[in-house]
Amino acid sequence: MSFKRELYRQGMVINVKEKKVLVVLTNQSTFGDDPEKTGLWLSEATEFIEEVQKHGYAVDYVSPKGGEVPLDPRSLEADNLSPNAKAMLESKDFSERALAHSMKPSEVDPSDYVAIYYSGGHGVVWDFPDNEELQRIAIEIYEADGFVTSVCHGVAGLLNIKDRSGNYLIEGRKITGFTQKEEELSGKSEKVPFGTEEEAVKRGADFKKGDPFTCFAVRDGRLITGQNPLSGKAVAEKLIEAIDEA
């Protein structure tokens, strides 16, 4: 079934093609008190965005504070800057709506979106986990039969989402994210306040992982997660497939 299939929710007919995906970006530019620069890992957003747009979905951008989204300078190095990421970085739409003027959570209507996607970069471990507004948006999308998705450190945004019964959304669910091994290999394990793998397991998640820095994504119902910066497109592909099955 194509994305043109109509979904039925709350007695209303909703055309999937008219629905949008909400991409969450970080505002955090440093490793806490450490002045080393971090921020959004560019390709983790752009690879996902390109794939969902290719299938007819519009994309909006939100961050915990709204406004400017910093870029991790390492994601702009030649080895990490894909042609897709470079082209999107140079586009007016992405540079304006995502990097310069991302929405505040208070400006988001969850009913506009079929999915929420938490992008990564080390900065998110500071400003994603405890943002209650983003948690509310995510659970409202999920409870309206939408999808909650993430890649790499973006899984930090899923850690504290709870359902109406007060249970962690990821409890007992198959998910993935940046692994402890990858954190060690990246040389940042001593600079982050927690490891995403460890915290997910503490909340009862069934944490899956592939080989370090290889594409790996997991779907468990309407939860779809990717392991590392190479997994954004795979998350998008699984999302499109899941929507088409609905």
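Residues numbered from 1 in each chain as written. Predicted model: local features only at pLDDT ≥ 70, side-chain atom pairs only at ≥ 80, totals over all residues. Heavy atoms only, no water.

Novice: I'd like to hear about the confidence of the model for the protein chain, residue by residue, with values.
Specialist: Per-residue confidence for the protein chain averages 93 on the pLDDT scale, and 93% of its residues sit at or above 70. Low pLDDT (under 50) marks residues 1-17, which in the prediction has 32 contacts with non-local residues, meaning those over four places away or in another chain. (pLDDT = per-residue confidence, 0-100. Contact = heavy atoms within 4.5 Å.)

Novice: Got a sec to walk through the environment of tyrosine 117? Specific residues and values, please.
Specialist: Of note, tyrosine 117 is situated in strand 7 (residues 113-118). Given a relative accessible area of 0%, tyrosine 117 falls into the buried group. For the pair tyrosine 117 and valine 24, spaced 93 residues apart in the sequence, the C-alpha separation amounts to 6.0 Å. With near-sequence residues (within four places) excluded, tyrosine 117 lies in contact with Leu22, Val23, Val24, Glu44, Ala45, Phe48, Thr149, Ser150, Val151, Gly232 and Val235. (Helix = DSSP H or I, 4+ residues; strand = E, 2+ residues; numbered from the N terminus. Buried < 20%, exposed > 50% of the residue type's maximum accessible area, 1.4 Å probe, protein only.)

Novice: Would you mind going over the packing of aromatic side chains in detail, with residue names and values included?
Specialist: Geometry of an aromatic ring pair is reported as the spacing of the ring centres plus the angle between the planes. Applying the stated criterion across every chain yields a total of five aromatic pairs. Taking 5.5 Å as the distance between ring centres and 70° as the angle between the ring planes, the aromatic pair formed by tyrosine 118 and phenylalanine 128 counts as edge-to-face. Here tyrosine 118, found in strand 7, pairs with phenylalanine 128, found in the loop between helix 4 (124-127) and helix 5 (132-143); they are ten residues apart in sequence, far enough to count as distant. Both residues of the pair, tyrosine 118 and phenylalanine 128, belong to the buried class. Here the aromatic rings of phenylalanine 178 and phenylalanine 213 are separated by 5.8 Å at their centres, their planes lie at 65°, and the arrangement is edge-to-face. With a gap of 35 residues between them, phenylalanine 178 in the loop between strand 9 (174-175) and helix 6 (180-186) and phenylalanine 213 in the loop between strand 10 (206-207) and strand 11 (217-220) connect regions that are remote in the sequence. The partly exposed category is assigned to phenylalanine 213, whose relative accessible area is 35%. When the ring centre of tyrosine 168 is taken as origin, the NZ or CZ atom of arginine 203, which lies over that ring, is 5.5 Å away. Cation over ring: arginine 222 sits above tyrosine 142, and NZ or CZ is 4.1 Å from the ring centre. (Phe/Tyr/Trp six-rings, centres within 6.5 Å; stacked < 30°, edge-to-face > 60°. Lys NZ or Arg CZ within 6 Å of the ring centre and 35° of its normal.)

Novice: Break down helix 5 for me, citing the residues and quoting the values.
Specialist: For an α-helix, the turn length of 3.6 residues means that residues three or four places apart are oriented alike. An ideal rise of 1.5 Å per residue puts 16 Å on twelve residues; helix 5 measures up with 16 Å between its terminal C-alpha atoms. Listed as buried for helix 5 are Leu134, Gln135, Ile137, Ala138, Ile139, Ile141 and Tyr142. As for helix 5, its buried residues are in contact with strand 3 (20-24), strand 6 (58-62), strand 7, strand 8 (147-151) and strand 12 (223-226). With a side-chain oxygen lying 3.2 Å from the backbone nitrogen of glutamate 133, the N-terminal cap of helix 5 falls on asparagine 131. Positioned one or two residues after helix 5, aspartate 145 has a phi angle of 70°, which is positive. (Expected span 1.5 Å × (residues − 1). Polar contact = N/O pair within 3.5 Å; in protein donor to acceptor, adjacent residues only side chain to side chain.)

Novice: Account for the pairing of strand 7, naming residues and giving values.
Specialist: Most of strand 7 sits inside the fold, with six of its six residues counted as buried. With five bridges connecting them, strand 3 and strand 7 associate as parallel partners. Each residue of the ladder has a partner; that of valine 21, found in strand 7, is alanine 115. Note: strand 7 against strand 8, four bridges, orientation parallel. Counted as the bridge partner of isoleucine 116 is valine 148 from strand 8. (Pairing = 2+ DSSP bridges.)

Novice: Just give me the short version of the side chain of glutamate 199, but keep the residues and values in it.
Specialist: With respect to the secondary-structure elements, glutamate 199 resides in helix 7 (residues 196-202). Classification of glutamate 199 as buried rests on a relative accessible area of 12%. A polar side-chain atom of glutamate 199 sits 2.8 Å from a polar atom in the side chain of arginine 203. With residues up to four places along the chain from it excluded, the contact list for glutamate 199 reads Leu159 and Phe194.

Novice: Which residues make up helix 3 (residues 92-100), and what are the values?
Specialist: The complete set of buried residues in helix 3 reads Phe94, Ala98 and Leu99. Viewed along the axis of helix 3, the buried residues span an arc of 80°, placing them on a single side of the element. On its buried face, helix 3 is in contact with helix 1 (42-54), strand 6 and helix 2 (83-89). (Arc of directions from axis to C-beta.)

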